[in-house]
Amino acid sequence: MYSLSSRADVVTERPERWAKQLVSHISHKAPHERTERGDELTIGDGLGVVAVRPGLVVLEAYANSDEDLARVEDVLGRHLERFAEKDGLTVVWSR
């Protein structure tokens, strides 16, 4: 479906808390669906996935253009870093 993707594994002691807050915030402005792989959020012409794994918030971004992929990465990453600023979380994407 999408030709480009990236992923960020964000280490944290409270992955459930940060993932829930991120999804709750973004889902007010973006269509949201809970699936087997995580919470899927339609961001512009791309897709963001937020999932919880032991000790991790896993962020995935999918799109068909570099611009759209960068937008999904920015929305997910910027908001997560802002919410979890006290925990010092840093989002690093790998394409």
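The following paragraphs examine the structure supplied in this document. This one's a predicted model, so the numbers in the text were calculated from it and none came from an experiment. (Residues numbered from 1 in each chain as written. Predicted model: local features only at pLDDT ≥ 70, side-chain atom pairs only at ≥ 80, totals over all residues. Heavy atoms only, no water.)

### Focus on the overall build of the protein chain
Applicable threshold: Only DSSP runs of H or I with at least four residues qualify as helices, and only runs of E with at least two residues qualify as strands; both kinds are numbered from the N terminus onward. Buried residues are those whose accessible area, probed at 1.4 Å on protein chains only, stays under 20% of the maximum for their type, while exposed residues exceed 50% and partly exposed ones sit between those limits. Per-residue accessibility takes into account occlusion by the displayed protein chains alone, with areas from the Shrake-Rupley method and a 1.4 Å probe.
When its secondary structure is counted, the protein chain shows two helices and five strands. Counting from the amino terminus, the protein chain carries its helices and strands in the arrangement β-α-β-β-β-β-α. Taking the principal axes of its C-alpha atoms as reference, the protein chain extends roughly 35 × 25 × 20 Å. The buried share among the 95 residues of the protein chain stands at 45%. Of the roughly 5700 Å² of accessible surface on the protein chain, 47% is carried by carbon and sulfur atoms.

### With respect to the sheet that holds strand β4 (residues 46-53)
Strand pairing in a sheet is mediated by backbone hydrogen bonds. Such pairs are either parallel or antiparallel. To keep things clear, this is the line we draw: The pairing criterion for strands is at least two bridges between them, as found by DSSP. Note on definitions: angles span 0 to 180 degrees between N-to-C directions of axes, and those axes are lines fitted to C-alpha atoms, for helices only across the stretch in contact. Residue contacts follow a heavy-atom distance rule, with two residues in contact if any of their heavy atoms lie within 4.5 Å.
Across the sheet, five strands lie side by side as β1-β5-β4-β3-β2; this open sheet has antiparallel pairing. Among the strands making up the open sheet, the edge pair consists of β1 (4-11) and β2 (32-35). Averaged over all adjacent pairs, the angle separating strand axes in this sheet is 20°, with direction ignored. Strand direction decides the pairing type here: β4 and strand β5 (residues 56-63), joined by seven bridges, are antiparallel. From the neighbouring strand, V50 faces β5, where its bridge partner is L59. Across the sheet, helix α1 (residues 15-26) touches β2, β3 (38-43), β4 and β5, and the angle it forms with β4 is around 155°. Relative to the sheet, helix α2 (residues 66-83) contacts β1, β3, β4 and β5, its axis offset from that of β5 by approximately 155°.

### Focus: the environment of G88
For G88, the position within the fold is in the segment after α2. Counting along the chain gives 40 residues from G88 to G48, while the straight-line C-alpha distance between them is 22 Å.

Limitation: the analysis is restricted to geometry and does not speak to function.
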